[in-house]
Amino acid sequence: MSDLVLPSDSPARLGFRMPAEFAPHEACWMLWPQRPDNWRLGAKPAQRAFAEVARVIAQSETVIVGASDEQYENARDQLPPHVRVVELSSNDAWMRDVGPTFVTHPDGRLAVIDWDFNAWGGLKGGLYFPWDKDRRIRRKIAGMLGVPCFSAPMVLEGGAIHVDGEGTLITTEECLLNPNRNPSLDREEQEVLLADYLGIDKVIWLPAGCYQDETDGHVDNLCCFVAPGVVALTWCDDVDDPQHAISRRALEVLEAARDARGRRLTVHKLPQPGPLYLAEEDANGVDRLSSSRPRRAGDRLAGSYVNFYIGNRVVAMPLLDPAFDEIARARLQALFPERRVVGVPAREILLGGGNIHCITQQQPRV
């Protein structure tokens, strides 16, 4: 490992840390979809799905949706009146990945981590070009809130990490160690940076994310913390499905791991929906442009019930498959007895490459 030169005023050294998603929120940030080369039929079906996600979460906390100037009035018209709409240009609508990673200080201060962003792989596997507007979102939101913004020397998307708020972070080797993100940083160097910017003490590395996940295996589609020492994991019983081996290996790692406080993890399995595939009708509704990832009929979709959002009083979960929706909802409700689990029809979000967790970003309460 090469020697990392860490600033003396990095977040963790100043006392900041990243809270868990299940900790209290001040607000939830989202972006408004519009690009026709990723969202079918001019993004109209996706906009309805995003509006429903915002409506559900707004029952629990303030929701702020960023929209481009040309879509501002349309977003304002479709979203409930109590959802705030602000002008915020972006290249697409994945606020989890392009939005701020918020950290808090015991004295009540809030700050933003500004990771580098290269559209999930840059020119070596990235999903679209350019990504210049996405790259500016974190600093714009920090400016709106009037809070400090720490620039981190590392490419990282918010969906690539989950924390328990007590020193433990989970991620996947498939994503963080992918050469299209940080080829000059090895595992140990990345752990040092994650500790220095997020205030964590322990990283649990899962081998891979969900099968055919175009984000190069984001952990938020596979596994997440639901409480300290407790995780939910995407599970597949079909041994002939590639997801079975991925989930089995993740389970082995989780069961062998201890968190930052020395606890063994309790693992709860959520069934995999489907398998789900892109229909010809879905693919035909998307514009074909050379600057973005093509959508082809028959492509497998990385559907997962783990891709939910934990609000203050509600959990917004994706509805993806009638055969498994209620099973997943009941299991989530058992994990969150003090919150109401609300299902949102989310296939239109999945068609764009992610789901509810991918389009949301919590702003913690301080």
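Residues numbered from 1 in each chain as written. Predicted model: local features only at pLDDT ≥ 70, side-chain atom pairs only at ≥ 80, totals over all residues. Heavy atoms only, no water.

**Here's the deal with the nonpolar core**
Ranked by size, the top nonpolar core spans 97 residues in total, and within it M30, V63, L79, L206, C223, F308 and I349 carry the most contacts. The contact partners of L79, leaving out residues within four places of it in the chain, are W32, A51, A54, V65 and V85. Judged by nonpolar contacts, the second largest core, of 24 residues, contains V103, W115, F150 and L176. (Core = buried A, V, L, I, M, F, W, Y, C linked by side-chain atoms within 4.5 Å. Buried < 20%, exposed > 50% of the residue type's maximum accessible area, 1.4 Å probe, protein only. Contact = heavy atoms within 4.5 Å.)

**What to know about the packing of aromatic side chains**
Per the stated rule, a full pass over the model turns up eight aromatic pairs. Aromatic pair W115 and Y197: ring centres 6.3 Å apart, planes at 55 degrees, arrangement tilted. Within this pair, whereas W115 is found in strand 5 (residues 110-116), its partner Y197 is found in helix 6 (residues 187-198), the two being separated by 82 residues in sequence. A single burial state applies to W115 and to Y197, both of which are buried. Considering the side-chain rings of F129 and W131, the 5.5 Å spacing of their centres and the 85 degrees angle between planes classify their relative orientation as edge-to-face. Given the relative accessible area of 17%, W131 is considered buried. An aromatic cluster of three or more residues is present, and its members are W39, F50 and W94. One Lys or Arg, R35, reaches over the ring of Y128 and ends 4.5 Å from the middle of that ring. One Lys or Arg, R187, reaches over the ring of W205 and ends 4.8 Å from the middle of that ring. (Phe/Tyr/Trp six-rings, centres within 6.5 Å; stacked < 30°, edge-to-face > 60°. Helix = DSSP H or I, 4+ residues; strand = E, 2+ residues; numbered from the N terminus. Lys NZ or Arg CZ within 6 Å of the ring centre and 35° of its normal.)

**Digging into helix 7 (residues 242-256)**
In this model, helix 7 (15 residues) spans 22 Å end to end at C-alpha, consistent with the 21 Å of a helix rising 1.5 Å per residue. Looking at helix 7, one finds that the buried residues are Q243, H244, I246, S247, A250, L251, V253 and L254. In this fold, the buried residues of helix 7 make contact with strand 9 (202-206), strand 10 (223-227), strand 11 (230-235), strand 12 (266-271) and strand 14 (300-301). Sitting at the head of helix 7, D241 places a side-chain oxygen 2.8 Å from the backbone nitrogen of Q243. (Expected span 1.5 Å × (residues − 1). Polar contact = N/O pair within 3.5 Å; in protein donor to acceptor, adjacent residues only side chain to side chain.)

**Digging into the pattern of salt bridges**
According to the stated counting rule, one finds 21 salt bridges in the structure shown. Between D216 and R181 there is a salt bridge, and its shortest N-O distance comes to 2.6 Å. Taken together, the positions of D216 in the loop between strand 9 and strand 10 and R181 in the loop between helix 5 (173-176) and helix 6 put the pair 35 residues apart, joining distant regions of the chain. For D216, a relative accessible area of 16% puts it in the buried group. The exposure class assigned to R181 is buried, which follows from its relative accessible area of 5%. Here D259 makes a salt bridge to R263, at a shortest N to O gap of 2.7 Å. Classification of R263 as partly exposed rests on a relative accessible area of 28%. Because the salt bridges share partners, they merge into one network encompassing R40, D282, R347 and E348. (Salt bridge = Lys/Arg side-chain N within 4 Å of Asp/Glu carboxyl O.)

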